[in-house]
Amino acid sequence: MCGTTHAADRAGFLETIHKHRMVTSTVTPNGDVNPYAIVVAPASAGMIEKDDVLVDNFNNISNLQGTGTTIIGYRPSTKATYVFARLPQHLAQCPGGVGLTTSMAMLKTGWVIVGSTPSTDGTTATKGDGCLIVIDPQGHPVTAWSGAHIIDPWGNMAVSDAGGQATLFVSMAGEGIPSPDVTDPQTHLPVIVRKASVLRIDLRIPDGKPPEIASETVVGDGFSQRADRDNFLLGPTGEALAPDGTLYVTDGLDNLVVAIPDALTRTTSAGTGRVVTKDGLLAWPLALDWTPEGHLLACNGKDGRVVEIDPKSGQQIYAQWIDNDQAQSPPGNGDLFGIAMMPDRKGFYYVEDDMNTLMEARP
């Protein structure tokens with residue numbers, strides 16, 4: 001599990017990581033599988049204790065994508081696993097049904113917000129427009145948001161949370177995507193539709209009441225997206241907000257990481273942003289998170305590596321095989337999705353989709 005690949009002589013965070021351990025199964029009692037998002041709880045509220053790890057599922061017991069409705073919780077202090085939420089398959093405010101994605105966040109006030117990009121047959125042929133579902137700390141859905149800008153929330157959320165107000169960044173990847181049977185005559189792959197976007201959602205959070213949307217701003221658009229039989233759809237996925245307000249976004253189809261400046265305050269779209277790094281060790285980069293040194297960690301979707309990137313220079317410092325399952329080609333292909341740093345910042349959590357497990361990586 002710990003094979004490494006050097007991109008430069010410079011040491012980085014990943015070179016300190018040597019131990020990988022299965023933490024828990026992510027399969028729920030109703031049979032949901034395909035773990036996607038990972039969130040480490042910033043506070044204790046309701047069923048959740050601070051530092052609990054929340055993981056959602058994208059598939060149901062039939063392994064149909066876009067049909068998963070459950071979120072599990074793992075408590076490091078007791079090593080217990082519990083079902084935090086089991087949502088209904090259909091919500092009135094959620095066009096097309098419920099299929100939970102990598103878009104998930106927990107606010108300091110205890111509210112959990114999760115994205116849905118639903119399907120009924122496991123492909124984009126029956127994809128709905130989806131929604132963002134607001135769940136109370138006891139695991140009950142209280143409302144859902146949809147609309148002109150909220151179309152198929154897909155990527156992991158970046159969050160700025162001040163308690164009484166918060167800002168979410170969510171990538172939307174699905175608008176205008178047809179069935180995977182609609183192919184490009186030149187590539188013979190599903191057609192690419194350059195309509196994926198990154199939406200900033202500014203929230204107000206009244207005392208004791210669910211969060212409300214104060215404003216919505218598209219801060220990035222024109223990203224590549226397309227249907228995919230193995231992975232449902234491909235589009236911008238990872239998001240990480242820097243202290244200076246720059247938002248970093250992974251664009252898997254174009255195999256790069258981009259930067260959107262002034263993401264917290266801008267009033268217009270930055271388009272597809274500024275390219276930070278491209279190709280090299282990247283292989284369809286997905287989720288992003290920060291190391292203590294201020295580097296980015298990006299999970300690869302096309303192999304089992306996580307890549308460390310210096311966002312200032314764009315240098316790809318190091319890559320480590322965290323999933324070398326030989327059943328896929330290349331090893332770990334299609335297995336990695338969410339990633340989240342542990343509270344002590346010495347290691348990180350990730351999921352192995354092929355095994356339906358939550359994993360931890362440590363020195």
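Residues numbered from 1 in each chain as written. Predicted model: local features only at pLDDT ≥ 70, side-chain atom pairs only at ≥ 80, totals over all residues. Heavy atoms only, no water.

## Some words on the pattern of salt bridges
- Applying the stated rule across the entire model yields 12 salt bridges.
- For Glu-49, the salt bridge goes to Arg-75, with nearest N and O atoms at 3.6 Å. Of this pair, Glu-49 sits in the loop between strand 3 (33–40) and strand 4 (53–59) while Arg-75 sits in strand 5 (residues 70–75), placing them 26 residues apart in sequence.
- Classification of Glu-49 as partly exposed rests on a relative accessible area of 36%.
- For Arg-194, the salt bridge identified is with Asp-254, shortest N-O distance 3.7 Å. Here Arg-194 is found in the loop between strand 12 (165–172) and strand 13 (196–204), whereas its partner Asp-254 is found in the loop between strand 18 (247–251) and strand 19 (256–260), with 60 residues between them in sequence.
- You can call Asp-254 partly exposed: its relative accessible area is 26%.
- Shared partners join several salt bridges into a network, and the residues in it are Glu-49, Asp-52 and Arg-75. (Salt bridge = Lys/Arg side-chain N within 4 Å of Asp/Glu carboxyl O. Helix = DSSP H or I, 4+ residues; strand = E, 2+ residues; numbered from the N terminus. Buried < 20%, exposed > 50% of the residue type's maximum accessible area, 1.4 Å probe, protein only.)

## Let's talk about the pairing of strand 10 (residues 141–145)
- Sheet analysis places strand 9 (residues 131–135) next to strand 10, joined by 4 bridges and oriented antiparallel. By the bridge assignment for strand 10, Ile-133 is matched with Ala-144.
- The turn linking strand 9 back onto strand 10 is made up of 5 residues, and Gly-139 within it adopts a positive phi angle of 90°. (Pairing = 2+ DSSP bridges.)

## Here we look at the packing of aromatic side chains
- Enumeration over the complete set of coordinates arrives at 9 aromatic pairs.
- Where Tyr-36 meets Trp-154, the ring centres are 6.0 Å apart and the plane angle is 90°; that geometry is what we call edge-to-face. Of this pair, Tyr-36 sits in strand 3 while Trp-154 sits in the loop between strand 10 and strand 11 (158–161), and the two are 118 residues apart along the sequence.
- Residue Trp-154 is classed as buried on the basis of its relative accessible area, which comes to 4%.
- Arranged with centres 4.3 Å apart and planes meeting at 25°, the rings of Tyr-36 and Phe-337 form a pair that is stacked. Of the two residues, Tyr-36 is situated in strand 3 and Phe-337 in the loop between strand 24 (316–321) and strand 25 (339–341); the sequence distance between them amounts to 301 residues. (Phe/Tyr/Trp six-rings, centres within 6.5 Å; stacked < 30°, edge-to-face > 60°.)

## Brief notes about the pairing of strand 24
- Burial analysis of strand 24 places 5 of its 6 residues in the buried class, which makes it a mostly covered element.
- Pairing geometry for strand 23 (residues 305–309) and strand 24, over 5 bridges, is antiparallel. Residue pairing in the sheet places Val-306 in a bridge with Gln-320 of strand 24.
- The antiparallel hairpin formed by strand 23 and strand 24 contains 6 residues in its connecting segment, where Gly-314 sits at a positive phi of about 80°.

## Some details on the sheet that holds strand 2 (residues 19–25)
- Read across the open sheet, the 4 strands follow the order 2-27-26-25; overall the sheet is antiparallel. In this open sheet, the two strands that pair with only one neighbour each are strand 2 and strand 25. Between one strand axis and the next, the sheet turns through 25° on average, direction left out of account.
- Strand direction decides the pairing type here: strand 26 (residues 348–352) and strand 27 (residues 357–362), joined by 5 bridges, are antiparallel. Looking at the pairing, Val-351 lines up with Leu-358 of strand 27. (Axes fitted to C-alpha atoms, helices over the stretch in contact; angles between N-to-C directions.)

## Points about unusual backbone geometry
- In this structure, Asp-51 takes a positive phi of about 80° despite not being glycine.
- Here Asp-51 lies in the loop between strand 3 and strand 4.
- Looking at Asp-51, the relative accessible area reads 26%, which means it is partly exposed.
- Backbone geometry places Asp-262, a non-glycine residue, at a positive phi of 50°.
- Its place among the elements puts Asp-262 in the loop between strand 19 and strand 20 (274–278).
- The exposure class of Asp-262 is partly exposed, given its relative accessible area of 45%.

Worth remembering: the numbers are spatial, not functional.
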